[in-house]
Amino acid sequence: MNAENLAKAQELIQRFPQKSSALIPILHLVEEEFGYIPQEEVGVVADVMGVTSAYVESVLSFYTLFHRQPTGKYLIQVCRGLSCQLMGADELSKFLYEDLGVERNGTTEDGMFTVEAVECVALCKNAPAVQINLEFYPNMTKEKLQGFLDKAREEVRSGA
Ligand code: FES
């Protein structure tokens, strides 16, 4: 963690009556800083919290929202909840896997896109729902996804 986040982590620990309650917010700080939770940061977090690395690992293995590997520049998360499945989420995933040449939770070789299937993102009324870099996209279609992929590729090509 950088110095700023270390200071934030100390501040978070002070906020909770039980020190261990700060673990998840601190892991979010690490994920924000690195884009995932690098193995060496597990020890750093454990030291800051005063717990063992095994304890931090146990929390990380329970909460699938944390990434243990770097993700692509664009993290595309397709909801696989029931409402979204009924409204065609599987078709969206299939489209992405084929277009990008990746499997579920895979990242393209150029490191641009990661595609994940995630649990309900609470947009059931506007299913199927997708999150891209944690922004919500309700009522998603293959056409809209294609438009997003084209735009993202163009931005990278033009250096934007
Ligand atoms: S099931 Fe997809 S948003 Fe709830």
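Everything discussed here concerns the structure shown above.
Residues numbered from 1 in each chain as written. Predicted model: local features only at pLDDT ≥ 70, side-chain atom pairs only at ≥ 80, totals over all residues. Heavy atoms only, no water.

This part takes up the pairing of strand β3 (residues 113-118). Counting buried positions along β3 yields six of six residues, so the element is predominantly enclosed. With burial as the criterion, each face of β3 is covered, one bearing Phe113, Val115 and Ala117 and the other bearing Thr114, Glu116 and Val118. Bridging between strand β1 (residues 74-79) and β3 involves six bridges; their strand directions are parallel. Counted as the bridge partner of Val78 is Ala117 from β3. Bridge count for strand β2 (residues 106-107) against β3 is two bridges, and the pairing is antiparallel. Paired with Thr107 across the bridge in β3 is Thr114. (Buried < 20%, exposed > 50% of the residue type's maximum accessible area, 1.4 Å probe, protein only. Helix = DSSP H or I, 4+ residues; strand = E, 2+ residues; numbered from the N terminus. Pairing = 2+ DSSP bridges.)

Right, let's talk about the layout of surface pockets for a bit. Empty space within the largest pocket amounts to approximately 790 Å³. Lining the largest pocket are 30 residues, with Leu65, His67, Leu75, Gln77 and Glu116 positioned closest to its centre. Within the residue set of the lining of the largest pocket, elements represented by two or more residues are α2 (23-34), β1 and β3. In terms of residue count, the dominant contributor to the lining of the largest pocket is β3 (four residues). A per-class count over the lining of the largest pocket returns nine nonpolar, 13 polar and eight charged. (1 Å grid on protein atoms, 1.4 Å probe; cavity = no way out; pocket = protein on both sides within 12 Å on 5 of 7 lines; lining within 4 Å. Points joined across faces, edges and corners; volume = space filled by probe spheres on them. Nonpolar A, V, L, I, M, F, W, Y, C, P; charged D, E, K, R; others polar.)

When the charged atoms of two side chains with opposite charge come close together, those side chains can pair. For the structure on display, the rule yields six salt bridges. Note that Arg15 is salt-bridged to Glu11, the shortest N-O span being 3.4 Å. Taken together, the positions of Arg15 and Glu11, both in helix α1 (residues 3-15) and four residues apart, correspond to about one turn of that helix. A residue is classified by how much of its surface remains accessible, and Arg15, at 57% relative accessible area, is exposed. According to the relative accessible area criterion, Glu11 is partly exposed, its value standing at 46%. Of the charged contacts, one joins Glu57 and Arg68 as a salt bridge, the two residues approaching to 2.9 Å between their closest N and O atoms. With Glu57 in helix α4 (residues 53-62) and Arg68 in the loop between α4 and β1, this residue pair connects regions lying eleven residues apart in the sequence. The exposure class of Arg68 is partly exposed, given its relative accessible area of 27%. (Salt bridge = Lys/Arg side-chain N within 4 Å of Asp/Glu carboxyl O.)

Formed by 27 residues in total, the largest nonpolar core has its most connected members in Ile76, Leu96, Phe113, Phe148 and Leu149. Put simply, the parts of the chain that give this core at least two residues each are β1, α6 (89-100), β3, β4 (130-132) and α7 (142-158). At six residues, the largest contribution of residues to this core is made by α6. Beyond its immediate sequence surroundings of up to four residues, Phe148 is in contact with Tyr74, Ile76, Phe113 and Ile132. With 20 residues, the next largest nonpolar core counts Ala9, Val30, Val48 and Val59 among its residues. (Core = buried A, V, L, I, M, F, W, Y, C linked by side-chain atoms within 4.5 Å. Contact = heavy atoms within 4.5 Å.)

Next up on the list: α2. An ideal rise of 1.5 Å per residue puts 16 Å on twelve residues; α2 measures up with 17 Å between its terminal C-alpha atoms. Along α2, the residues that are buried comprise Leu23, Ile26, Leu27, Leu29, Val30 and Glu31. For α2, the secondary structure elements touched by its buried residues are α1, α3 (39-49) and α4. Where α2 terminates, the next one or two residues include Gly35, which has phi positive at roughly 85 degrees. (Expected span 1.5 Å × (residues − 1).)

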